[in-house]
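# Structural features, examined
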Amino acid sequence: MNPILKVRNLSKQFKIHKGFFGHLRIDAVKTLSFSLNEGKTLAIIGQNGSGKSTLAKMLVGMIKPDSGDIWIDGNKVQYGDYSHRCQLIRMIFQHVESSFDPRLRIGQLLEIPLKRNTHYDAHEREKLISSVLKQVGLLPEHASYYPSVMAAGQKQRVALARALILKPKVIILDEALAALDISMRSQIVNLMLSLQVEQNISYIYVTQDIGMMKHISDEILVMHNGDLVEYGNTAEVLASPLNDITQKLINSYFGEALTADTWRTDTRSF
Ligand SMILES: Nc1ncnc2c1ncn2[C@@H]1O[C@H](COP(=O)(O)OP(=O)(O)OP(=O)(O)O)[C@@H](O)[C@H]1O
């Protein structure tokens, strides 16, 4: 199976100016490679400051990498090719609310990526907006609502609709579900799983929540101080982590490494 996303030797260093002449270098992401297959889910986990968001932002083109190559669906993407890239990969951020312009109705919000990146006429755009609202469990009438009158779970669905509307191959969620309560989070996760089955979308979840990742990811990539310290099948990594950092992250959530038995009997909701 050809990977839908292939990352080779990607890295990013930030320089922070200190005083008149000095500066501090931060290796936010040290040279790393990984890939993701179509219709699969990758979890990127790690403590605060480990480089997860920098990696995600390089993937969607918000940060220019210092080195490395990214291929999506066989296309090598370049920094600056935002219009092309956003039809292949989209990101949903943690604070959904602040990513909506409160002056725009939901239909207008969803129309922006279509106007910027496609040649659909007004009628075709309207049809696509109605269809994507239905896909995420909302009504076509919601197009005329302002975000301020919608509940948190509905806003999350709008964010998902905005990510889906250009039919990308990969969607990245950067701690996007962290603010939702458990039942709302389960509903959104189940919706995303059914969209994954229907449309063969690949997901990357950037998170510190190993409990949820255990349920929904196929592979897991663990970061620490910019390094990729472990990467592999989720069940195998959680059952027998090879790295101390992974072990600590697992212990802090489950209290112990997950054996095959505890893996099966862990029924915590996510
Ligand atoms: N724009 C920037 N300028 C300078 N340093 C940065 C910048 N963005 C991130 N960093 C630094 O790079 C490192 C990795 O940060 P990053 O936000 O990618 O980590 P993270 O794992 O996503 O953390 P968190 O879970 O807290 O969001 C940190 O040391 C951070 O301070």
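Just so it is clear, the structure is predicted and the values come from calculations on it, not from any experiment.

### Details of the environment of Gln199
By the secondary structure assignment, Gln199 is in helix α6 (residues 182-199). Judged by its relative accessible area of 34%, Gln199 is partly exposed. For the pair Gln199 and Glu38, spaced 161 residues apart in sequence, the C-alpha to C-alpha distance is 9.9 Å. When neighbours within four sequence positions are excluded, Gln199 is seen to be in contact with Gln135 and Leu164. Here the side chain of Gln199 touches Gln135 through a polar contact of 2.8 Å, side chain to side chain.

### Some points on the packing of aromatic side chains
According to the stated counting rule, one finds two aromatic pairs in the structure shown. An angle of 75° between the planes, with centres 6.4 Å apart, marks the rings of Phe34 and Tyr231 as edge-to-face. With a gap of 197 residues between them, Phe34 in strand β2 (residues 22-37) and Tyr231 in strand β10 (residues 227-233) connect regions that are remote in the sequence. With 5.9 Å between their ring centres and 55° between their planes, Tyr203 and Tyr205 make a pair best called tilted.

### What to know about the environment of Ile26
Of note, Ile26 is situated in strand β2. Spatially, the C-alpha atom of Ile26 lies 15 Å from that of Leu228, the residues being 202 residues apart in sequence.

### With respect to unusual backbone geometry
With a phi angle near 50°, Asp73 is a residue other than glycine that sits in the positive phi range. Here Asp73 shows up in the loop between β4 (67-72) and β5 (75-77). The class of Asp73 is partly exposed, set by a relative accessible area of 37%.

Definitions and cut-offs
Residues numbered from 1 in each chain as written. Predicted model: local features only at pLDDT ≥ 70, side-chain atom pairs only at ≥ 80, totals over all residues. Heavy atoms only, no water. Helix = DSSP H or I, 4+ residues; strand = E, 2+ residues; numbered from the N terminus. Buried < 20%, exposed > 50% of the residue type's maximum accessible area, 1.4 Å probe, protein only. Contact = heavy atoms within 4.5 Å. Polar contact = N/O pair within 3.5 Å; in protein donor to acceptor, adjacent residues only side chain to side chain. Phe/Tyr/Trp six-rings, centres within 6.5 Å; stacked < 30°, edge-to-face > 60°.

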